[in-house]
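Remarks on the overall topology
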Amino acid sequence: MALAENVLRRIHKMGLIPKAVKHLPRLTVLLALFSVVWLVTLPMDGNYRNCYISENALMPGQVHSYFRESEWNIVRGYREEVSKLEQESIKDKNRAVSSWLEDMGLQISHYHNGASDTDEIIYAIMHAPRGENTEAMALVVPWYNADAEYNEGGMALGMALMRYFLRISVWSKNIILVIPPDGKKSLRNWVEAYHTSLDDTAGSIEAAVVVDYGKQGDYFEYYDMYYEGLNGQLPNLDLLNTANTIGGHENIGCSIQGINGRVTDFQNKLKTLFWGIARLVTAGAIDVHGHEAFSGWQIQAFTIKARGDKGHDVTQFGRIVDSTFRSVNNLLEKFHQSFFFYLLLSPKHFVSIGTYLPAAVMLAVSFALGTLNSILNTHIEVDAIKYGVSKLLTIVVVVESFCVGLALLAPYESTSLIQISQLLVLVVGGFIFMQKVNMKRVDSYSLISFALLSIALLIVALLIVHFALAFTVGILALPLTYIPTLFQRKKNPKLAVLFVLVITNPFLIIHAGGLFTGHENFLQNLIMAWVDLQSWTWIIIALAWFPAWLFVFFASVLLIVQLPKAIAINPPSTFATKSEKSE
């Protein structure tokens, strides 16, 4: 206690608290900058780890795969038949494939959500000869991939692999072949129905592999691996390491985020890191490959996509799937040994959650300091804040009510959401001005501080379960923390404040991001990702980020209206030193 008293006495004597309060704007920016620098330094040697397999039972590549050149002609035969079905309807495609599977001795089950025949899914269960019918693995082969390309080679491989699996007696887990129209809503509905209402099931699905092999023919160059699930969920790292280890044994190159995994310099690792964060944020809205449909059901899933048309034969691609299934078949329990929270830098390197999490923590603290700055450095009476609490609560309830309506009605509204947001601003702004709630400067700055604090709490709530979304929202909304400082400028701050409000508007950012990436309907895709796949991104934007922006917007408008009064002689800060007060 004596030591603590001495430290506090020394802090008070040196005037550190007033100095710290005075520099809160700089500390806010500095912490945010450190959070970005922290991520940028992760691809440096010593900050990341080499991928390894934690579960010894997987033993990838330890067993010889017989899916080799002897199966080549079978794949070719199926591919020729599948190519003839390209112009047929989904129903006719499924009818043809069902007859092939029935000839193998498999029983076919059908599922559709009642909307139309184009959503029909067929699936076949191969019961394990050594199993108890309680565990399963899923082989998913959509008719069309994320690029709307006909999955001709993937379907041929799926048929050949099921024919091959039936000849092997080592299986202790059932194998489910699932054939959806694509990897989007229909597959998600099937996964949900499998766990809730379907009669024909094969037990708990431990892992799922989505096969994407377009019209490359007999050869491919390397494979892309997609693994980002919905709402920040990722497959167990052991599953990805298993597939990549097998691919390495076959001398096949792997690409993560479209970046060559064999070139692992700092620049490529950094690109992979930030593209991985971007894909986690937009999962379900852009390039839905199919593995996303298994998120939320404790199913480890990834998509493997063939690229190029030379180098390796099609049976090598099949051996990656075969050997991965053989490894999963060895497990006696669910995946649990390795990491569920990580960021990949390459197929061979990753960053664990304990290493990248401080970046989001620093960002949350940055917004918390911005909250203090809005109160302590704006020349308002701190004690007067309590008198405006009821007015602030009224504004918060009204704004959140409108945002809830926006979030729920947006999927069914044909009008542009940007126009809706503009209308929302006018309506709520009109409410504030019509009510004339005597919003004083202290109330306006209190509203800004509440908005910044809400973003800080949002980051804290998401930083573990969805680090990518928490970090992205924090970085994009960061300029809002500087608005209270702008209002303290002696020169006219109006243009600077309005500029900050424009560049932090979530809908404008989303629209600009969609144009930059070539997805003009990006906003609508985010909304439909919530409706079809239960992706949180749209809800977080509509109910957390946008309301916070609205609070700052309304408070800033009121401060601009009161600006001539505000720039009059300002009283000294509550934390001013004695010398400053005497001056």
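Keep in mind the model is a prediction, meaning the values are calculated, not measured. (Residues numbered from 1 in each chain as written. Predicted model: local features only at pLDDT ≥ 70, side-chain atom pairs only at ≥ 80, totals over all residues. Heavy atoms only, no water.)

1. What to know about the overall build of the chain
This is how it is decided: Strands here are runs of E lasting at least two residues and helices are runs of H or I lasting at least four, both read from the DSSP assignment and numbered beginning at the N terminus. Partly exposed residues are those whose accessible area sits between 20% and 50% of the maximum for their type, while under 20% is buried and over 50% is exposed, using a 1.4 Å probe and protein chains only. We call two residues in contact when some of their heavy atoms are within 4.5 Å.
Counting its regular elements, the chain contains 22 helices and 12 strands. In the chain, buried positions account for 55% of the 583 residues. Within the chain, contacts between residues separated by at least 24 positions form 82% of all contacts whose residues are at least 6 apart in sequence.

2. A look at the UniProt feature "transmembrane region" (unreviewed entry) in the chain
Selection rule: UniProt positions are given in the numbering used here, feature names are shortened, and annotations may be inferred rather than shown by experiment.
As recorded in UniProt, the feature "transmembrane region" (unreviewed entry) lies at residues 356–376, 388–410, 416–433, 445–464, 470–488, 495–516 and 536–561. Counted over residues 536–561, helix gives 96% and strand 0%. Its end C-alpha atoms are 37 Å apart.

3. Notes on the packing of helix α12 (residues 389–409) against helix α14 (residues 441–462)
The condition that has to hold: Only the stretch in contact is used when fitting a helix axis, every axis being a line fitted to C-alpha atoms; angles between N-to-C directions are given from 0 to 180 degrees. Orientation is classified from the angle alone, with under 35 degrees giving roughly parallel, over 145 giving roughly antiparallel, 65 to 115 giving roughly perpendicular, and any other angle giving oblique. A crossing counts as left-handed when the near helix is turned anticlockwise from the far one by less than a right angle, and as right-handed when that turn is clockwise. Note on residue categories: nonpolar means Ala, Val, Leu, Ile, Met, Phe, Trp, Tyr, Cys or Pro, charged means Asp, Glu, Lys or Arg, and polar means any other residue, Gly included.
As a packed pair, α12 and α14 sit with axes 10 Å apart at the nearest point and diverge in direction by 50°. Between α12 and α14, the angle falls in the class oblique. The crossing of α12 and α14 is right-handed. Residues Lys-391, Leu-392, Ile-395 and Val-396 of α12 pack against Asp-443, Ser-446, Leu-447 and Phe-450 of α14. For the contact of α12 with α14, a count of residues per class yields 5 nonpolar, 1 polar and 2 charged.

4. As for the packing of aromatic side chains
To be explicit about the condition: Two aromatic rings from Phe, Tyr or Trp, using only the six-membered ring of Trp, form a pair when their centres are within 6.5 Å; if the ring planes differ by under 30 degrees the pair is stacked, by over 60 it is edge-to-face, and anything between is tilted. Only Lys NZ and Arg CZ are tested; either one counts as a charge over a ring when it is within 6 Å of the ring centre and within 35 degrees of the ring normal.
Scanning the model with the defined rule gives 25 aromatic pairs in all. Centre to centre, the rings of Trp-72 and Tyr-219 are 5.7 Å apart; their planes meet at 80°, and the pair counts as edge-to-face. Of the two residues, Trp-72 is situated in helix α4 (residues 72–84) and Tyr-219 in strand β7 (residues 219–226); the sequence distance between them amounts to 147 residues. Among the residues examined, Trp-72 registers a relative accessible area of 15% and is labelled buried. On the accessibility criterion, Tyr-219 (37% relative accessible area) is partly exposed. Pairwise contacts between aromatic rings join Phe-507, Trp-538, Phe-546, Trp-549, Phe-553 and Phe-554 into one cluster. Between the NZ or CZ atom of Lys-93 and the centre of the ring of Trp-143, over which it lies, the distance is 6.0 Å.

5. A short note on the sheet that holds strand β11 (residues 342–346)
In plain terms, the rule: The rule for pairing is simple: two strands pair if DSSP sees at least two bridges between them.
Pairing in this open sheet of 3 strands is antiparallel, and the strands run β1-β12-β11 from one edge to the other. Looking along the sheet, the strands with just one partner apiece sit at the ends: β1 (49–50) and β11. Bridge count between β1 and strand β12 (residues 349–352): 2 bridges; the pairing is antiparallel. Across the sheet, the residue bridging to Asn-50 is His-349, located in β12. Together, β11 and β12 form the strand contacts of helix α9 (residues 266–281), whose direction differs from that of β11 by roughly 140°. Running at roughly 60° to β12, helix α11 (residues 353–376) makes contact with β11 and β12 of the sheet.

6. Considerations on the nonpolar core
Rules: The nonpolar core is taken to be a set of buried Ala, Val, Leu, Ile, Met, Phe, Trp, Tyr and Cys residues, with the residues joined through side-chain atoms within 4.5 Å. Domain start and end points were adopted from an automatic or database domain assignment.
Core analysis: the biggest nonpolar cluster contains 160 residues, and Leu-139, Met-159, Phe-165, Phe-467, Leu-480 and Trp-538 have the highest contact counts within it. The element best represented in this core is helix α20 (residues 537–561), accounting for 18 residues. Summarising the domain contributions, this core has at least three residues from each of domain 1 (20–43 + 355–562) and domain 2 (69–347). Residues contacting Leu-139, with those up to four places away along its chain left out, are Gly-158, Leu-161, Met-162, Phe-165, Ile-176, Leu-177, Val-178, Val-209, Val-211, Val-321 and Phe-325. Within the second largest apolar cluster, 23 residues are counted, among which are Ile-176, Ala-293, Phe-294 and Ala-301.

7. Considerations on the side chain of Thr-371
What counts here: Polar contacts, as used here, are pairs of N or O atoms within 3.5 Å; protein pairs need one atom able to donate a hydrogen and one able to accept it. Residues neighboring in sequence count only if both atoms are side-chain atoms.
Within the secondary structure layout, Thr-371 lies in helix α11. Residue class for Thr-371 comes out buried when judged on its relative accessible area of 9%. Within the structure, Thr-371 has its side chain in polar contact with the backbone nitrogen of Leu-453 (distance 3.2 Å). Discounting chain neighbours no more than four positions away, the residues touching Thr-371 are Ser-449, Leu-452 and Leu-453.

8. Examining the sheet that holds strand β9 (residues 259–260)
What the 9 strands build is an open sheet, ordered β2-β3-β5-β4-β6-β10-β7-β8-β9; its pairing is mixed. Here the strands that pair on one side only, and so sit at the sheet edges, are β2 (108–111) and β9. Looking at chain direction, strand β4 (residues 135–140) and strand β5 (residues 174–179) are connected through 5 bridges and run parallel. Note that in β5 the partner of Ala-136 across the bridge is Asn-174. On top of the sheet, helix α8 (residues 237–249) reaches β6 (204–212), β7, β8 (253–256) and β10 (300–313); it is set at about 165° to β7, its chief contact.

9. Quick notes on the pairing of β12
Note on strand geometry: in a regular strand, side chains alternate between the two faces of the sheet. Because side chains alternate across β12, one face comprises the buried residues His-349 and Val-351, and the other comprises Phe-350 and Ser-352, equally buried. Both β11 and β12 contribute to a ladder of 4 bridges, which runs antiparallel. Following the sheet pairing, Ser-346 is matched in β12 by His-349. Two successive antiparallel strands, β11 and β12, enclose a turn made up of 2 residues.

10. Let's talk about helix α18 (residues 506–517)
The criterion, for reference: Any helix carries an expected span of 1.5 Å times its number of residues minus one.
The end-to-end C-alpha separation of α18 is 16 Å, in line with the 16 Å expected for 12 residues at 1.5 Å each. Backbone nitrogen of Phe-507 and a side-chain oxygen of the N-cap are separated by 3.0 Å at the start of α18; the cap is Asn-505. At the exit of α18 stands Gly-518, carrying a positive phi of roughly 80°.

11. Quick word on α4
Each turn of an α-helix holds 3.6 residues, which means side chains three or four residues apart point in the same direction. In plain terms, the rule: Starting at the helix axis, one direction is taken to each C-beta atom, and the arc is that of these directions.
Look at α4: 19 Å from first C-alpha to last across 13 residues, which is about the 18 Å you get at 1.5 Å a residue. For α4, the full list of buried residues reads Trp-72, Val-75, Tyr-78, Arg-79 and Val-82. All buried residues of α4 project into a common sector of 130° when viewed along the axis, lining one side. Exposed positions of α4 whose direction lies more than 90 degrees from the buried face are Asn-73 and Lys-84. Considering only its buried residues, α4 is in contact with α5 (90–104), α6 (152–165), β7, β10 and α10 (314–329).

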